[in-house]
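Structural overview for review
Single-letter residue listing:
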Amino acid sequence: MRIAVLCNPGSWYLDDLARAATLHGHQCMEVRFPQITATMAAGTITDTDEVVNDVGGQLAEADAVIVRTMPPGSLEQVVFRMDALARLEHLGITVINSPRAIECAVDKYLATARLLAAGIPVPPTVVCESSESALAAFESLGGDVVVKPIFGAEGRGIVRISDPELALRTFRTLERIDAVLYLQAFINHGGHDDRVLLLDGEVIGGMRRHSQNDFRTNISQQGLAESWIPGTDDIRLARTAAAATGTCLAGVDLITTPDGRRLVLEVNAVPGWRAFARVNSIDVADRLVTWIESRSGHSVATTD
């Protein structure tokens, strides 16, 4: 089986997946989004008349595709990338996560709306485009908010604002660059959040992340991780959140309010597992390769 990994240059995840794939007798291939090509010409190329490939010719040979990054790009580039992933699915290739799931999870507004519609408790949130509307939201959310890029990951670009003058300056700056303003009420989560990692609805495990000197607990922002066992209610919330966003490999982040309520903060459709695997002694890459085998009809290789 050949597994294409859409990743950044020098990706640790490519190395980890290649290790796991080799143990199963399979091959991992590195592919980058800017290298993708799509060719269509009726009756002149293949039986399907459509090929989605990359400049190295590896993507068309893949039995499965694992998406490990979504690099910045223009609106046209991002739409093309999602369309290409959807066409790969149409051509019978297993794609994890699916483009529909990625589109939902990376769009904080859409993801939060889907979670709320599924009956999942989320932090009070306002999304708008004007600084005037954002300032009104700042006040309605208690004058202490977290402003996030509507598209973003790993805690980048997130700021906490509790000063009205700073809030107005920030909102006007974002308005001038045509950004969408995404505001959530700041929740005092006690300096930690919890992640449930799921694969096709099954719990792989849990991880608790602690912040050192920041309200953000992301490992990429110098957060500290430890093993954590999710309870029944947390698992139910995580499974419902993953289903609401259509995410197969899902990192569901939960926080606890000062009065003890559990909220779902976000669903990550390209979840990292480097720290998770270390603190839990779980081979996530192996689990993922085994799952892909079950979907693609390839048996697990055995060794003496």
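The sections below set out a description of the structure shown in this document. (Residues numbered from 1 in each chain as written. Predicted model: local features only at pLDDT ≥ 70, side-chain atom pairs only at ≥ 80, totals over all residues. Heavy atoms only, no water.)

Tracing the backbone through its elements, the reader meets G57 in the loop between β4 (50-54) and β5 (64-67). Put simply, G57 and I36 are 21 residues apart on the chain and 9.4 Å apart in space, counted from C-alpha to C-alpha. (Helix = DSSP H or I, 4+ residues; strand = E, 2+ residues; numbered from the N terminus.)

Before going further, it helps to spend a moment on the side chain of S98. For S98, the location among the structural elements is in the loop between β6 (94-96) and α3 (99-106). Note on S98: relative accessible area 17%, which makes it buried. (Buried < 20%, exposed > 50% of the residue type's maximum accessible area, 1.4 Å probe, protein only.)

Further remarks concern helix α2 (residues 75-90). A rise of 1.5 Å per residue sets the reference length of α2, with its 16 residues, at 22 Å; its end C-alpha atoms lie 22 Å apart and thus fit the reference within 8%. Taken as a whole, α2 has its buried residues at R81, M82, A84, L85 and L88. Along the axis of α2, the buried residues cluster in a sector spanning 155°; they form a single face. Among the exposed residues of α2, those oriented more than 90 degrees off its buried face are L75, E76 and H90. Against the buried residues of α2 lie β1 (2-6), β3 (36-40), β4, β5, β6 and α3. At the C-terminal side of α2, G92 shows a positive phi close to 95°. (Expected span 1.5 Å × (residues − 1). Arc of directions from axis to C-beta. Contact = heavy atoms within 4.5 Å.)

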